[in-house]
Amino acid sequence: MDYRTLKNTDLTLSVITFGAWAAGGWMWGKTDRNAAIAAIQAAHEVGVTSIDTAPAYGQGESECIVGEAIKNIPRDKVQILTKYGIQWESKQGEFYFKSQNNAGKPIDIYKYAGKDGIMAECEASLKRLGTDYIDLYQIHWPDPTTPLEETFEAISLLIEQGKVRYAGVCNYDAALMEEAAKYIDLASNQIPFSMVNRGMDQETIPYCIRNGKSVIVYSPMERGLLTGKMHPGQQFAEGDHRKGNPFFSDESIMKTNRFLDTLRPLAEEKGATLGQLVLRWTVDHPGVTIALAGARNPEQAVMNAKAGELRLTEEENNFINQKIKELL
């Protein structure tokens, strides 16, 4: 497994970090708690030392699963990344969307990063995670109703108190990162990025490169699309957010699979799965520091982790990039 240190910090993460969104079940149809715990533990055994979660993932369920999974692992052998700024129990901030919790009960999701909300959220996360500090605390989505100064004043206080080690953001564009830099030293920006979703290459990733900020990418497998296991007519469980998503239309799946077929010989030559090849290309991409990869069972977790051991030559990366230009 490769490890990389976030820029201007002493926080070192596994290049493949366990993404615990699906583990929480919310928007993924369901979760098997025991399988999710086993997946995190299996990943750690093969070198995945860092885990990314959030209170919103299952309305606390994902954080509880992470806490259970790591309770017997020495705290300095695991890095916890979690988030704040998404509310479902109050109506403060900006309304985001209507959803359902894991029990099927309707809930309203709000973006709120006011100081009072952050302080309360941090305490709740620490309790669910069974720890007394968070390695990287990230705002989940921008909250236009709260001044950035107020948001990051709260994070600075949590850092002073020792409850948070470093501050990060998610889904910030370059302009918001520039504004946030007036109030806090950001370690990273977590953004969506994949072979089929490369919009962040236009502005955000170049900004991070220029300003010495690390980039953590989520959905590098485009929520399963890039595994090569999706087929036209793909059925998703009730409550799965992929249902009706344009990426999972029959046309998109067929187009993506034609592209993946051109990579299959290279994957076989490397003794790797398509998923491992995709993950390795992602972390080799200029500006990308860490890639999040979710797993619902130990087998998936171990397969994802092996991408951290895979090596691609410059020629092989160039070949993949050419196929992306030609086919996607």
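Residues numbered from 1 in each chain as written. Predicted model: local features only at pLDDT ≥ 70, side-chain atom pairs only at ≥ 80, totals over all residues. Heavy atoms only, no water.

Bringing the overall build of the protein into the picture now. Scanning the protein from N- to C-terminus turns up ten helices and 13 strands. The globule rule puts the C-alpha radius of gyration for 328 residues at 20 Å, and the 19 Å found for the protein is close to it. Based on the C-alpha atoms only, the size of the protein along its principal axes is roughly 55 × 45 × 40 Å. Looking at the protein residue by residue over its 328 residues, the buried ones come to 55%. The contacts in the protein between residues at least 6 apart in sequence include a share of 74% that link residues at least 24 apart. (Helix = DSSP H or I, 4+ residues; strand = E, 2+ residues; numbered from the N terminus. Rg over C-alpha atoms; globule rule 2.2 N^0.38 Å. Buried < 20%, exposed > 50% of the residue type's maximum accessible area, 1.4 Å probe, protein only. Contact = heavy atoms within 4.5 Å.)

A separate point is the pairing of strand β9 (residues 134-139). For β9, a buried count of six out of six residues is recorded, marking the element as mostly surrounded by other parts of the structure. Examined bridge by bridge, strand β5 (residues 79-84) and β9 share four bridges and lie parallel to one another. Bridge assignment links leucine 81 to a residue of β9, and that residue is leucine 136. In this sheet, strand β10 (residues 164-170) lies alongside β9 in parallel orientation, the contact comprising five bridges. (Pairing = 2+ DSSP bridges.)

Strand-to-strand pairing in sheets goes through backbone hydrogen bonds, with the strands running parallel or antiparallel. Taken in spatial order, the three strands make up an open sheet running β6-β8-β7, and their pairing is antiparallel. Where the open sheet ends on each side, the last strands, each with one partner, are β6 (86-87) and β7 (94-100).

With respect to topology, eight strands assemble into a closed barrel ordered β3-β4-β5-β9-β10-β11-β12-β13, the strand pairing being parallel. On average, each strand axis in the sheet is tilted by 30° relative to the strand beside it, whichever way the strands run. As judged from the three bridges shared by strand β3 (residues 16-19) and strand β13 (residues 290-293), these two strands associate in the parallel manner. Looking at β13, one finds that isoleucine 16 is bridged to alanine 291. Sheet strands in contact with helix α3 (residues 115-129) are β5, β9 and β10, and its direction is about 145° off that of β5. Lying over the sheet, helix α4 (residues 148-160) contacts β5, β9, β10 and β11 (186-192), oriented at roughly 155° with respect to β10. (Axes fitted to C-alpha atoms, helices over the stretch in contact; angles between N-to-C directions.)

Now for the nonpolar core. Ranked by size, the top nonpolar core spans 61 residues in total, and within it Tyr137, Phe152, Ile155, Met195 and Ile320 carry the most contacts. Residues within four places of tyrosine 137 in sequence aside, it is in contact with Thr82, Lys83, Tyr84, Ile118, Glu121, Cys122, Ile155, Leu158, Val164, Tyr166, Ala167 and Gly168. One finds Ile37, Ala39, Ile65 and Ile70 within the second-largest nonpolar core, a separate group that totals 21 residues. (Core = buried A, V, L, I, M, F, W, Y, C linked by side-chain atoms within 4.5 Å.)

Residues other than glycine predominantly adopt negative phi, and peptide bonds predominantly adopt the trans conformation. A positive phi angle is found at glutamine 59, which is not glycine, with a value near 50°. Relative to the assigned elements, glutamine 59 resides in the loop between β4 (50-52) and α2 (61-70). With a phi close to 60°, asparagine 171 is a non-glycine residue in the positive phi region. Looking at the secondary structure, you find asparagine 171 in the loop between β10 and α5 (174-180).

Think of an α-helix as 3.6 residues a turn; residues three or four steps apart then line up on the same face. For helix α10 (residues 314-327), which comprises 14 residues, the first-to-last C-alpha distance of 20 Å matches the rise-based estimate of 20 Å (1.5 Å per residue) to within 8%. Within α10 the residues assigned to the buried category are Glu316, Asn317, Ile320 and Ile324. End-on view of α10: buried residues confined to an arc of 100°, all on one side of the axis. Opposite its buried face, α10 presents the exposed residues Glu314, Glu315 and Lys325, each directed more than 90 degrees away. Buried residues along α10 sit in contact with α7 (250-270) and α8 (274-284). (Expected span 1.5 Å × (residues − 1). Arc of directions from axis to C-beta.)

The geometry of helix α1 (residues 33-45) relative to α2 is characterised by a closest axis approach of 9 Å and an angle of 55° between their N-to-C directions. By the angle between their axes, α1 is oblique relative to α2. For the element pair α1 and α2, the recorded crossing hand is right-handed. Taken together, the residues of α2 that come into contact with α1 (itself represented by Arg33, Ala36, Ile37, Ile40 and Gln41) are Glu61, Cys64, Ile65, Val66, Glu68 and Ala69. For the contact of α1 with α2, the per-class residue count stands at seven nonpolar, one polar and three charged. (Parallel < 35°, antiparallel > 145°, perpendicular 65-115°, else oblique. Left-handed = near helix turned anticlockwise from the far one by under 90°. Nonpolar A, V, L, I, M, F, W, Y, C, P; charged D, E, K, R; others polar.)

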